[in-house]
Number of protein chains: 2
Amino acid sequence: MPKKRTAAVEGEAMSGQLYKSDEIKREVLGRLKKVGVEIVEALSRGDWPTLHLPVRSTKNIVYDQDLRQYILGSKKAERTVANIRHLRPFAQLVWVAKFAKQLLTSGKTSTLRDTYYVAIGEGIDFESQDESDDIILEVESLINHPREDMNIFPEERAAIYGDLVIEYTIPGFRGQRVDLSAHPDGYSIGPALTTAEFGRCGAEQVFVIEKGAVFSRFVEERADKKFKALLIHTAGQSPRNCRKLIRRLREELNLPVYIFTDADPYGVHIASVLIHGSALSAHIRQINVPDAVWAGVYATDITKYKLPALRLTEQDYKRLKELEQDPRYTVDPWRREVQYFGKIKRKAELEAFSRYGLEFIVKDFLPERLTELQKR
Amino acid sequence: MPKKRTAAVEGEAMSGQLYKSDEIKREVLGRLKKVGVEIVEALSRGDWPTLHLPVRSTKNIVYDQDLRQYILGSKKAERTVANIRHLRPFAQLVWVAKFAKQLLTSGKTSTLRDTYYVAIGEGIDFESQDESDDIILEVESLINHPREDMNIFPEERAAIYGDLVIEYTIPGFRGQRVDLSAHPDGYSIGPALTTAEFGRCGAEQVFVIEKGAVFSRFVEERADKKFKALLIHTAGQSPRNCRKLIRRLREELNLPVYIFTDADPYGVHIASVLIHGSALSAHIRQINVPDAVWAGVYATDITKYKLPALRLTEQDYKRLKELEQDPRYTVDPWRREVQYFGKIKRKAELEAFSRYGLEFIVKDFLPERLTELQKR
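Residues numbered from 1 in each chain as written. Chains lettered and ligands numbered in written order. Predicted model: local features only at pLDDT ≥ 70, side-chain atom pairs only at ≥ 80, totals over all residues. Heavy atoms only, no water.

*Asks:* Before we go on, may I ask you to explain the overall build of chain A in this structure?
*Replies:* The secondary structure content of chain A amounts to 13 helices and 17 strands. For 376 residues, the compact-globule formula gives about 21 Å, and the C-alpha radius of gyration of chain A, at 23 Å, lands near that figure. Considered along the principal axes of its C-alpha atoms, chain A spans approximately 75 × 50 × 40 Å. Long-range contacts, defined as pairs at least 24 residues apart, comprise 72% of the intrachain contacts of chain A with a sequence gap of at least 6. For chain A, the accessible surface area stands at approximately 16,000 Å², while carbon and sulfur atoms represent 52% of it. Considering chain A, the positive charge centre built from 58 side chains and the negative charge centre built from 54 side chains are found 3 Å apart. (Helix = DSSP H or I, 4+ residues; strand = E, 2+ residues; numbered from the N terminus. Rg over C-alpha atoms; globule rule 2.2 N^0.38 Å. Contact = heavy atoms within 4.5 Å. Areas by Shrake-Rupley, 256 points an atom, 1.4 Å probe, with all protein chains shown as cover. Lys, Arg positive; Asp, Glu negative; His and termini not counted. Charge placed at Lys NZ, Arg CZ, Asp CG, Glu CD.)

In structure tokens, the structure reads:
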């Protein structure tokens, strides 16, 4: 699974292996160092240190056909110590970069919130967590790596279950393996799982499910065995590290990915963000899964399967209006389904299939839908 | 760990063991049957079938000193087929009892939501999920078992990590064991973990933590090893099956339980519900943990540790007013802390300790607090 050790980096002492996560760590440390070196060199030359940050406004977002995700355009904004109004965010950015380096070299992890409090403790003047969150986004855009690669992880926890062995790369657990099919309630996806290497995999596809209860239903009806599938539940909008993990399962293990959400505007958006990336994350690459397939529940399924449905709320209509404007929704199934919601004025939950009994969703709906999608 | 098999019940075919969860299942099936038998007997006698349901209003809640939790008083309400207005909820209740029996005998699980949809599919006239949720509460009060004992589980997922081996009792996994110290991101607490038997345990106490990020911090700083502790995160208000699991760890393994929440009115309430039970659950026993100790973060810790704090919101003040009226808050530390919030008008998060570095909460705060609490 991992390559042979080629050189030593900190935190690897326990193991002779060099993992992919070690390579990422090196690359991030290299990019952070480059930022620092440029600042120091400018100072030695007697110049004002200046950074060029990609502009993260929606006006600077373009769709990249090769990457199949939205990325930032070429517009850059200058942040220079020569401008007194830039001095504060400049210093804040340097501190975040320093903190990221500390996390990586000590092998510790943090969250957006923890980072804010550590900054406060070190006398960095952030007015609120919003401000430190924004500076962290700037560092992401500067080094073109998601914050997870700087060991800053989300608070939310998704979970996974299925026939896959992983090998940890984090300090204290390096080289240890776990079989993800032993605990049927699922394994939380935190820093250890996100950075693990993949070992033996008996699964042939991935089912991503919006809800914990439906994930449990899939486990109970043995969808993992019947369909040789890894099961992941995202607990609503997928946390970023979970999106990254799904992308790795697609790329490294070549597994097709199917996404199951509620048939409502929010569920559509959960699937879309997983596939196309979010506008908020256009400044970083590779936490979306362009090949993933939204497998329902579609608005049209409400009619097709006569699902018990609820009236759309004011908020749902507002959300639909926004989706209609969004360039990601100009092709089917997105366009078709968004229009159909407007037509039937109803929404339905994944659990609504239980009107045909608890087994129906795995025994009937799932094979039908997979056959339909594979015919396309 | 489990007792020798004494007799066969359905779903046990795979294993020769008789587990505690099998005993609970038998007891629940017995009580459900009793409800049915009484109805059938009344009909055979030519009487109107009548049920006597405990009244679940706040006026019928009393504190039981022996059980150390709020329980329902002796008031009962009659529900009889003789009254045409009772006919609908009577039929709904009988359906829920039948569905619970099906779940237990087939070894399947459900959620409140799934139960609603199955009912709709079988032509049971529930106007909304609120109505079916309420009938499920009635069945709980009638048989004096939480719905988890009828295989109806919450949607939410807490997680656990630490030096404990469990043995599953659910179909398909009966007799299989897992060591909960192998996956550092934590094991989701779903139906399988809730009903598992406890095997070898190296832990000597339990730390219950409100937040996933702080749980990860505890794992990363090896609080599990340094304090021989099982770590549980509740993801906010603890799901009921997680409360039950904590109670089992207390009772069956005799482990002291410490609860860590944010220092805000919501955090106080999370701790209180775990310890005293919730008013909503007064109709069932044994999902609270009377011996558990709230270990902070206290309002007084904001001053003591000079924690970065936020202003209380309007909603926080409203919540504090409610807590002041609540009989559970008439003794310290509850009374003292609720008063102190009002005095300093500030709240703080668990992560606020990170102002002293990421290690502080485990390295400094935790041993200080445990020493204080053990002196009491």
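Let us keep going from here.
*Asks:* Mind showing me how you'd approach the pattern of salt bridges here?
*Replies:* Pairing is possible between side chains that carry opposite charge, provided their charged atoms lie close to one another. Using the criterion set out here, one finds 72 salt bridges over all chains in the structure. Among the salt bridges present, the one from lysine 228 of chain B reaches glutamate 204 of chain B, with a minimum N-O distance of 3.8 Å. Pair noted here: lysine 228 of chain B is in the loop between helix H7 (223–226) and strand S13 (229–233) and glutamate 204 of chain B is in the loop between strand S11 (197–201) and strand S12 (205–209), with a separation of 24 residues, a long-range link. The shortest N-O distance in the salt bridge between arginine 335 of chain B and aspartate 332 of chain B comes to 3.9 Å. Judged by its relative accessible area of 41%, arginine 335 of chain B is partly exposed. Each of the salt bridges in this network shares a partner with another, and the network as a whole consists of Arg113 of chain A together with Lys211, Asp262, Glu349 and Glu351 of chain B. (Salt bridge = Lys/Arg side-chain N within 4 Å of Asp/Glu carboxyl O. Buried < 20%, exposed > 50% of the residue type's maximum accessible area, 1.4 Å probe, protein only.)

*Asks:* Just to check I follow, could you spell out the side chain of arginine 247 of chain B for this structure?
*Replies:* In this fold, arginine 247 of chain B is placed in helix H8 (residues 240–253). Apart from the residues lying within four places of it in its own chain, the contact partners of arginine 247 of chain B are Gln286, Ile287, Asn288, Val289 and Pro290 of chain B.

*Asks:* Any chance you could explain the domain arrangement of chain A here in plain terms?
*Replies:* Residues and elements named next belong to chain A. Assigned domains of chain A: these are domain 1 (3–150) and domain 2 (202–375). Of note, the centres of domain 1 and domain 2, computed from C-alpha atoms alone, are 33 Å apart. In this assembly, 18 residues from domain 1 lie in contact with 19 residues from domain 2. Between domain 1 and domain 2 lies a buried interface of about 1,700 Å² when both sides are counted; carbon and sulfur atoms form 52% of it. Among the residues domain 1 hides against domain 2, the three largest losses belong to Arg68, Gln69 and Tyr70. Together they make up 34% of the total. If you look at where domain 1 meets domain 2, you find four salt bridges. Among the salt bridges present, the one from glutamate 140 reaches arginine 240, with a minimum N-O distance of 2.5 Å. Where domain 1 meets domain 2, there are five residue pairs in polar contact (both at pLDDT 80 or more). (Domains from an automatic or database assignment. Buried area = accessible area lost by both parts, 1.4 Å probe. Polar contact = N/O pair within 3.5 Å; in protein donor to acceptor, adjacent residues only side chain to side chain.)

*Asks:* Would you explain the environment of phenylalanine 198 of chain A in this entry?
*Replies:* When you line up the elements, phenylalanine 198 of chain A lands in strand S11 (residues 197–201). Spatially, the C-alpha atoms of phenylalanine 198 of chain A and arginine 177 of chain A are 9.6 Å apart, while their sequence positions differ by 21 residues.

*Asks:* Looking at this model, I keep getting lost on the sheet that holds strand S8 (residues 164–167) of chain B. Mind explaining?
*Replies:* Each strand in a sheet pairs with its neighbour through backbone hydrogen bonds, running either in the same direction (parallel) or in the opposite one (antiparallel). All names here are of chain B. Taken in spatial order, the three strands of this open sheet run S9-S8-S11, and their pairing is antiparallel. Here the strands that pair on one side only, and so sit at the sheet edges, are strand S9 (177–179) and S11. Each strand of the sheet is rotated relative to its neighbour by a mean of 25°, with strand direction disregarded. The sheet contact formed by S8 and S11 spans three bridges and is antiparallel. Considered in S11, the bridge of leucine 164 is made with cysteine 201. (Pairing = 2+ DSSP bridges. Axes fitted to C-alpha atoms, helices over the stretch in contact; angles between N-to-C directions.)

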